[in-house]
Amino acid sequence: MLLVAGLVFTYYTTWAILLPFLDASSPIHNYFPAREWAIRLPAFVLVVGLSGIGFFVGSTIMKENRKKAQKAKLRAA
């Protein structure tokens, strides 16, 4: 997994930081998508990731509140 993370980091760094300094006619440009995706893709991953975290935290809080309410009902009965 560390190897994959290193490869992704190297690919993205080359794509987003080094590629703008190369000529547009360079054959290296053929290995990368358009530069606009260098911003769109991480933004999409960030939104999906934060949404997943928010969903997890929200569902956990709801489960805990249900447990507390159920315990309160049992105490009152």
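Just so it is clear, the model here is predicted, and its values are computed rather than measured. (Residues numbered from 1 in each chain as written. Predicted model: local features only at pLDDT ≥ 70, side-chain atom pairs only at ≥ 80, totals over all residues. Heavy atoms only, no water.)

Trainee: Mind laying out the overall build of the chain, listing which residues take part and the relevant values?
Mentor: When helices and strands are tallied, the chain shows two helices and zero strands. Taken over C-alpha atoms, the radius of gyration comes to 23 Å for the chain, far larger than the 11 Å a tight globule of 77 residues would show. Taking the principal axes of its C-alpha atoms as reference, the chain extends roughly 80 × 25 × 15 Å. When each of the 77 residues of the chain is scored for burial, the buried share is 8%. When the accessible surface of the chain is totalled, it reaches about 6900 Å², and 73% of it is carbon and sulfur. (Helix = DSSP H or I, 4+ residues; strand = E, 2+ residues; numbered from the N terminus. Rg over C-alpha atoms; globule rule 2.2 N^0.38 Å. Buried < 20%, exposed > 50% of the residue type's maximum accessible area, 1.4 Å probe, protein only. Areas by Shrake-Rupley, 256 points an atom, 1.4 Å probe, with all protein chains shown as cover.)

Trainee: Outline a nonpolar patch on the surface, supporting the account with residue identities and numerical values.
Mentor: A contiguous nonpolar surface patch, about 610 Å² in accessible area, is contributed by Leu46, Leu50, Ile53, Phe56, Val57 and Ile61. Structurally, phenylalanine 56 can be placed in helix 2 (residues 37-76). (Patch = residues over 30% accessible without salt bridge, like charges linked within 9 Å, V, L, I, M, F, W, Y side chains within 5 Å. Salt bridge = Lys/Arg side-chain N within 4 Å of Asp/Glu carboxyl O.)

Trainee: Can you tell me about the packing of aromatic side chains, naming the residues and giving the values?
Mentor: As enumerated under the stated definition, the model contains three aromatic pairs in all. Both rings, one in tyrosine 11 and one in tryptophan 15, keep their centres 6.2 Å apart while their planes meet at 50°; by these two values the pair is tilted. On the criterion of helical spacing, the pair formed by tyrosine 11 and tryptophan 15 is a turn pair, its members being four residues apart in helix 1 (residues 2-18). A relative accessible area of 3% means that tryptophan 15 is categorised as buried. Aromatic side chains tyrosine 12 and tryptophan 15 sit 5.9 Å apart centroid to centroid with 85° between the ring planes, which places their arrangement in the edge-to-face category. (Phe/Tyr/Trp six-rings, centres within 6.5 Å; stacked < 30°, edge-to-face > 60°.)

Trainee: Pulling in residues and values, what's your account of the environment of lysine 63?
Mentor: Relative to the elements of secondary structure, lysine 63 occurs in helix 2. On the accessibility criterion, lysine 63 (52% relative accessible area) is exposed. Between the alpha carbons of lysine 63 and leucine 18 there is a distance of 48 Å; along the sequence they are 45 residues apart.

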